[in-house]
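Overview (structure and organization)
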Amino acid sequence: MNSAMHTLNRQLFSLTACVLLSCGASVYAAPPTPNANSGAAVDSSEYQTVMKMLGSQMRQNYESIHTWQGEIQLHQKTLFPLPADKSVWQETKEAGHFYLDLADNKMSGRLKAVASPRTVLVLTGKEIERSLSKADKQWVTTPEHWLVFAGNERYGFSEELPAVVGLEDRSNRVVFKRERSKADKFLTVFDLRDVFGNGRRFFWETCESWVKVLSPSPADVGRRSSRDNLSIHKKTDGDHVLYTVKTTFPRSGNLLEVTYDSSVGFNVTRWVQSHGKQMLAERTIRYQKRDEIFVPTHHRYCSYVKDGVNAGQIKLLQEVSFTLTQLNQPIDPVNFTVETFGLKYADLMKDTIEDKLYVYDSSKFVPADDFVVDPSKLQGRDAPDPAATP
């Protein structure tokens, strides 16, 4: 899949309240069982037609989105399974905005903590003190590169930056620049396009792959074998149709169930991975309709411990809520440049493409070796920015 899709497990969140998050003990509830009432079985002779229809509907909807602007609310709670009396939940809450230009494959956004990160003992629900910083992340991605800016934090980068004459004793804010093709390993900001896929490919690409596998005369035995691992069920209530596509994986014994809902243009509303009666992971997606186009408004991801004494316990619960403000309206190009970060005098940029360090001189970045500090411009530089609140 293209570089727009990143590892799902690091990036799906929300501020939406959830009962499972209300106390430490409740997260140890057994997971729900996979969907047992998925409707009547579809005859295998219709599989290819169904998969072709589903892929076409989803692709057409997605390709109708040219630009997308809005607000994000993010909430993540992660289990660190230490010895029983020391296991903790780590919780973060962030909010911000995003700009997405699908036609030119560009995205930018900002996420700022709306509450201090919390670390809570699982068994007692007691909060413990940890040195956790409040996030303030800004990013821009283009087909060529990505930029990420996180105030005084190194944002996951451990490398030491060369000293700049006159700035040796300052904690400088840093923009990091990398090639887009190398972004996946380091980029940990949220990409809205991930909601339309399973972490490796878009949902409709999976359907299109099945259309090829289900061709009347498969080219090889492997394709014929794959067909035996697929089943489709259909549930109808008046004009409302739900298709549940089930795929078994013989090697692992896992089952994947994906539900496509006609009320939202046959987009995916539920994605479940299980092993026997044990739920491994679940995603649910809600949408809104704008100008005959369906766009996500809420995405929830939950994964469970698979093995051992903690099997069945929630280990990661992440949600993201979107508020759509503009769809298919022009976006100011400055939102996809470094200028959108609200840079200040003497901010740094580490360009790993050129392996160079730059310093912002109030109008542009100049090579660090050519930068001459103006002490008068440093005064008041670190005052809080009233525009920084998302």
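Below: a short report on this structure.

Cut-offs used in this document
Residues numbered from 1 in each chain as written. Predicted model: local features only at pLDDT ≥ 70, side-chain atom pairs only at ≥ 80, totals over all residues. Heavy atoms only, no water. Salt bridge = Lys/Arg side-chain N within 4 Å of Asp/Glu carboxyl O. Helix = DSSP H or I, 4+ residues; strand = E, 2+ residues; numbered from the N terminus. Buried < 20%, exposed > 50% of the residue type's maximum accessible area, 1.4 Å probe, protein only. Pairing = 2+ DSSP bridges. Contact = heavy atoms within 4.5 Å. Phe/Tyr/Trp six-rings, centres within 6.5 Å; stacked < 30°, edge-to-face > 60°. Expected span 1.5 Å × (residues − 1). Arc of directions from axis to C-beta.

**Here's the deal with the pattern of salt bridges**
- What the rule picks out here adds up to 13 salt bridges.
- Across the pair E208 and R59 runs a salt bridge, and its minimum N-O distance is 2.8 Å. Highlighted residues: E208 in helix α2 (residues 203–213) and R59 in helix α1 (residues 47–63), separated in sequence by 149 residues.
- We classify E208 as partly exposed; its relative accessible area is 28%.
- The exposure class assigned to R59 is partly exposed, which follows from its relative accessible area of 27%.
- With its nearest N and O atoms 3.3 Å apart, the salt bridge here joins K289 to E292.
- Taking relative accessible area as the criterion, K289 reaches 47% and is therefore assigned partly exposed.
- For E292, a relative accessible area of 62% gives the class exposed.
- A cluster of three or more residues bridged by salt bridges with shared partners is formed by R59, E63 and E208.

**Concerning the pairing of strand β11 (residues 240–249)**
- Here eight bridges tie strand β10 (residues 230–237) to β11, and the two strands are oriented antiparallel to one another. Each bridged residue has a counterpart across the sheet, and for T236 the counterpart in β11 is V241.
- In textbook terms, the turn of a hairpin is the stretch between consecutive antiparallel strands, and for β10 and β11 this stretch comprises two residues, one of which, G238, has a positive phi near 65°.
- One ladder, built from eight bridges, connects β11 with strand β12 (residues 254–261); its direction is antiparallel. Following the sheet pairing, V245 is matched in β12 by V258.
- The hairpin turn running from β11 into β12, its antiparallel successor, is four residues long, and G253 in that turn takes a positive phi close to 80°.

**Side note on the environment of T259**
- Along the chain, T259 turns up in strand β12.
- Each C-alpha atom of the pair T259 and V272 lies 8.8 Å from the other, and the pair is 13 residues apart in sequence.
- With residues up to four places along the chain from it excluded, the contact list for T259 reads L242, Y243, T244, N267, V268, T269 and R270.

**Things to note about the pairing of strand β16 (residues 314–327)**
- With 10 of 14 residues buried, β16 is to be regarded as a mostly interior element.
- Summarising the sheet, strand β2 (residues 67–80) and β16 pair through 11 bridges and their orientation is antiparallel. In the strand pairing of β16, Q76 is matched with Q318.
- Relative to β16, strand β15 (residues 293–304) runs antiparallel, the two sharing seven bridges. Looking at the pairing, R300 lines up with E319 of β16.

**Structural notes on the packing of aromatic side chains**
- Scanning the entire structure with this criterion turns up 12 aromatic pairs.
- Ring geometry for Y62 versus F202: centroids 5.1 Å apart, planes at 45°, classification tilted. Residue Y62 is located in helix α1, and its partner F202 is located in the loop between β9 (174–179) and α2; the two are separated by 140 residues in the primary sequence.
- Given the relative accessible area of 11%, Y62 is considered buried.

**Quick word on α1**
- Spanning 17 residues, α1 covers 24 Å between terminal C-alpha atoms, matching the ideal 24 Å at 1.5 Å per step.
- Among all positions of α1, only Y47, V50, M51, L54, G55, M58, N61 and Y62 are buried. Along the axis of α1, the buried positions cluster into a sector of 135°, meaning they face one direction only. Opposite its buried face, α1 presents the exposed residues T49, K52 and Q60, each directed more than 90 degrees away.
- Contact partners of the buried residues in α1: α2, β10, β11, β12, β13 (267–275) and β15.

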